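Summary of the model geometry
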Amino acid sequence: MTVPLNELDLAWTLLGQQRFAESVRHSASVLARAPDNVSALACHAMANWKAAGDVALSLREMHKAVDLAPEVASIRHNYATLLASLGEMTDAAAQFREALRIKPDDTLAFYGLSQNSKFGESSELVRDMVALHGSGGLEPARQEFLAYGLAKVFDDLHEPEQAMPYAIEANRLGQRPFEAAREDAALDELKELTRLDAFRKARDSGEASSAPLFIVGMNRSGTTLVESLLSRHPDVLAQGELSQVLDVEIAAYQQRGAAGRGIGRHTLALSLDRGWLAAQAQIMLANAARRSSRPFTVVTDKLPENAVRLGLVARLFPRARVIHVRRHPLDAGVSNFFQRFSAGQGYSTRLDWIGTRTRQIADSMVLWKQALDLPVLDVGYENLVTDPEAQARRIIDFAGLNWTPEILLPERTQRSVLTASQWQVRQPIYRGSVSRWTRYERWLGPMIEAMGGRAWIDREAAAISG
């Protein structure tokens, strides 16, 4: 049956815009009329996966798409991405390599392979990709993926002189906005509200459940590792990175319409009606219950950026707990610069912006600990990878859970991982990323300056390790 191209094109467009539920709906409509449409199968599978739908269904649909179109490279590398999220790294690598066999200039497949494999030596594939990069024949988006992939490969090979130029190019090609001034204004607003003790005066609100546990910090600080540890506990529902707190904030602004313009996010959080907050919190818990196949006593949300919205978290869930994951600022900074984020995190594309955002997150957390009664556990990444059992026991105890040795085996997790850490989280805990920044120190001047200089960095690093 012939399917109107406009609906299928729309489904793919919505997927690219991160509007996953809408993409699912339109691609499902196409599949209802044409169940063997390969493009619709792939679109529905990827949108359903991104929307936290039935992962087994997505896997079946992608497998069917590959069977129907075995020589289409894009189908292969999308299938590989899905396999990687489920921890099927060997099968994922095979599918990425099949995509490259079919289409040797499939830079998205090479990028996917680089992110889900550890390169121990150069190879003919790497040499071919270096030659492709130098050919000058790629459109900017494909060049960006290739540059990120090559940066990762040469970082794996400990060749910083090769890796950093690729990373710089990749970030230039993929640069997105970052509203540093708006975030500075929000930090100033928080300082004043903390001085007035405004959050404690407004603490009677929201939902009384103690189940929610928010894992926050700078991106690439180790939040996924901490959630992976928790996810192995039978009483924990690990939800990954959810936009739910931000969604509540957006809904609150929409309620106010024009009257909400100019109101800071923290002042807004303080002004919200108790009943409305309780209703929003109950919806969040109901959504979690629908996602879970078993009872739970702890439910996690590991969106790192919730670090700047803990006031709203406290108003939604005044008995929530917070784990603040901290990592050497320069290690986290380098990791951000080498990572391609599919959306958001615009600061990650410039070294000075990474420094600015690192300081904003750190300063916000200092203030929240003064302003709120939420219990906060600081977890240092370096301590976690050096002495995982001791730190894991701290985490489990803080969450109010009983100890189980399974906690120390994050590579065994069965859940689908959507974050940029989907490969790392399947690996045994190791120290390989500690002090990585020293290989790139000569390029980090703008980042260091934006953080406030080496004195602040050294104090922060000492506090984290101590």
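Note that the coordinates shown come from a computational prediction; the quantities given were computed from them, not determined experimentally.

Rules used throughout
Along each chain, the written sequence defines residue order, and numbers are assigned to residues from 1. Local features in this predicted model are restricted to residues of pLDDT 70 or higher, and side-chain atom pairs are both shown and tallied only at a pLDDT of 80 or more, whereas totals for entire chains, interfaces and linings draw on every residue. Based on all heavy atoms of the structure, the side-chain values leave hydrogens and waters out of the count. Strands here are runs of E lasting at least two residues and helices are runs of H or I lasting at least four, both read from the DSSP assignment and numbered beginning at the N terminus. Only C-alpha atoms enter the radius of gyration, while the globule expectation follows 2.2 Å times N to the 0.38, with N the number of residues. Burial here depends on accessible area, computed with a 1.4 Å probe over protein chains only, as a share of the maximum for the residue type. Under 20% is buried, over 50% is exposed, and the range in between is partly exposed. We get accessible surface area from the Shrake-Rupley algorithm with a probe of 1.4 Å; when it comes to residues, only the shown protein chains can shield them. Note on charges: Lys and Arg go in the positive column, Asp and Glu in the negative column, and His and the chain ends are not counted at all. Here the site of a charge means NZ on Lys, CZ on Arg, CG on Asp, or CD on Glu. For helices, the fitted line uses only the C-alpha atoms of the stretch in contact; every axis is such a line through C-alpha atoms, and the angle between N-to-C directions lies from 0 to 180 degrees. Angle categories are assigned with fixed cut-offs, so that under 35 degrees is roughly parallel, over 145 is roughly antiparallel, 65 to 115 is roughly perpendicular, and the rest are oblique. When the near helix sits turned anticlockwise from the far one by under a right angle, the crossing is termed left-handed; a clockwise turn instead gives a right-handed crossing. In this description, contact between two residues means that some pair of their heavy atoms is separated by no more than 4.5 Å. Residue polarity follows a fixed list, in which Ala, Val, Leu, Ile, Met, Phe, Trp, Tyr, Cys and Pro are nonpolar, Asp, Glu, Lys and Arg are charged, and the others, Gly among them, are polar. A helix's residues, less one, multiplied by 1.5 Å, set its expected span. The term salt bridge refers to a pairing of a side-chain nitrogen on Lys or Arg with a carboxyl oxygen on Asp or Glu at a separation within 4 Å. DSSP calls a pair of strands paired once it identifies at least 2 bridges connecting them. With a 1 Å grid spanning the protein atoms alone, the term cavity applies to any set of points in which a 1.4 Å probe fits but cannot get out, the term pocket to an open set with protein on both sides within 12 Å along at least five of seven lines, and the term lining residue to any residue with an atom within 4 Å of a point. Grid points are joined across faces, edges and corners, and a volume is the space filled by probe spheres set on the points.

**Brief notes about the overall build of the protein**
Helix and strand counts for the protein stand at 23 helices and five strands. Computed over its C-alpha atoms, the radius of gyration of the protein comes to 22 Å, within 12% of the 23 Å expected for a compact globule of 466 residues. When each of the 466 residues of the protein is scored for burial, the buried share is 56%. About 19800 Å² of surface is accessible on the protein, with carbon and sulfur atoms providing 52% of the total. A distance of 3 Å separates the average location of the 54 positive side-chain charges in the protein from that of its 55 negative side-chain charges.

**Here we look at the packing of helix α2 (residues 20-33) against helix α3 (residues 38-50)**
Helix-helix packing is described using two parameters, namely the angle between the two axes and the distance between the axes. Axis separation between α2 and α3 bottoms out at 8 Å; the angle between their running directions is 150°. One way to sum up the angle between α2 and α3 is to call them roughly antiparallel. Read as a crossing pair, α2 and α3 show a hand that is left-handed. Along the contact surface, α2 presents Phe 20, Ser 23, Val 24, Ser 27, Ala 28, Val 30 and Leu 31, while α3 presents Ala 40, Leu 41, Cys 43, His 44, Ala 47, Asn 48 and Lys 50. Of the residues that constitute the contact of α2 with α3, the class distribution is nine nonpolar, four polar and one charged.

**Concerning α3**
An α-helical turn contains 3.6 residues, so a residue and the one three or four places further along point in the same direction. Its 13 residues give α3 an end-to-end C-alpha distance of 18 Å, which sits within 8% of 18 Å, the value for a rise of 1.5 Å per residue. Within the sequence span of α3, burial applies to Ala 40, Leu 41, Ala 42, Cys 43, His 44, Ala 45, Met 46, Ala 47, Asn 48 and Trp 49. Downstream of α3 by one or two residues, Ala 52 has phi in the positive range, about 60°.

**Things to note about the pattern of salt bridges**
On inspection of all chains with the given rule, the structure shows 34 salt bridges. We note a salt bridge from Arg 326 to Asp 378, for which the minimum N-O separation is 3.6 Å. Linking Arg 326 in strand β4 (residues 321-326) with Asp 378 in strand β5 (residues 376-380), this pair joins segments that are 52 residues apart in sequence. Through salt bridges with shared partners, a single network forms among Glu 179, Arg 182, Glu 183, Glu 249, Arg 265, Glu 305, Arg 309 and Arg 357.

**Structural notes on the sheet that holds strand β1 (residues 212-217)**
In space, the five strands of this open sheet follow the order β2-β3-β1-β4-β5, with parallel pairing throughout. Lying at the two open borders of the sheet, with one neighbouring strand each, are β2 (236-238) and β5. When strand polarity is set aside, the average angle formed by the axes of neighbouring strands in this sheet is 25°. In this structure, β2 lies alongside strand β3 (residues 298-301), joined through three bridges in parallel fashion. In the strand pairing of β3, Ala 238 is matched with Thr 300. Across the sheet, helix α19 (residues 351-371) touches β1, β4 and β5, and the angle it forms with β5 is around 145°.

**Description of the packing of helix α11 (residues 180-195) against α19**
With their axes 10 Å apart at the nearest point, α11 and α19 run at an angle of 15° to one another. Compared by their axis directions, α11 and α19 come out roughly parallel. The element α11 and its partner α19 pack so that their crossing is left-handed. Residues Ala 180, Glu 183, Asp 184, Leu 187, Leu 190, Lys 191 and Thr 194 of α11 form the contact with α19, whose own contacting residues are Thr 356, Arg 357, Gln 360, Asp 363, Ser 364, Leu 367, Trp 368, Gln 370 and Ala 371. Split into classes, the residues belonging to the contact of α11 with α19 amount to six nonpolar, five polar and five charged.

**Details of the side chain of Asn 78**
When you line up the elements, Asn 78 lands in helix α5 (residues 73-85). In this view, Asn 78 contacts Trp 12, Met 46 and Met 62; residues no more than four positions away in its chain are not counted.

**Quick notes on empty space enclosed by the protein**
Per the counting criterion, the structure on display carries four cavities of 30 Å³ or more. Empty space within the largest cavity amounts to approximately 140 Å³. Among the secondary structure elements, those contributing two or more residues to the lining of the largest cavity are β4, α18 (329-338), α19 and α23 (454-465). Partitioning the lining of the largest cavity into residue classes produces seven nonpolar, four polar and three charged.

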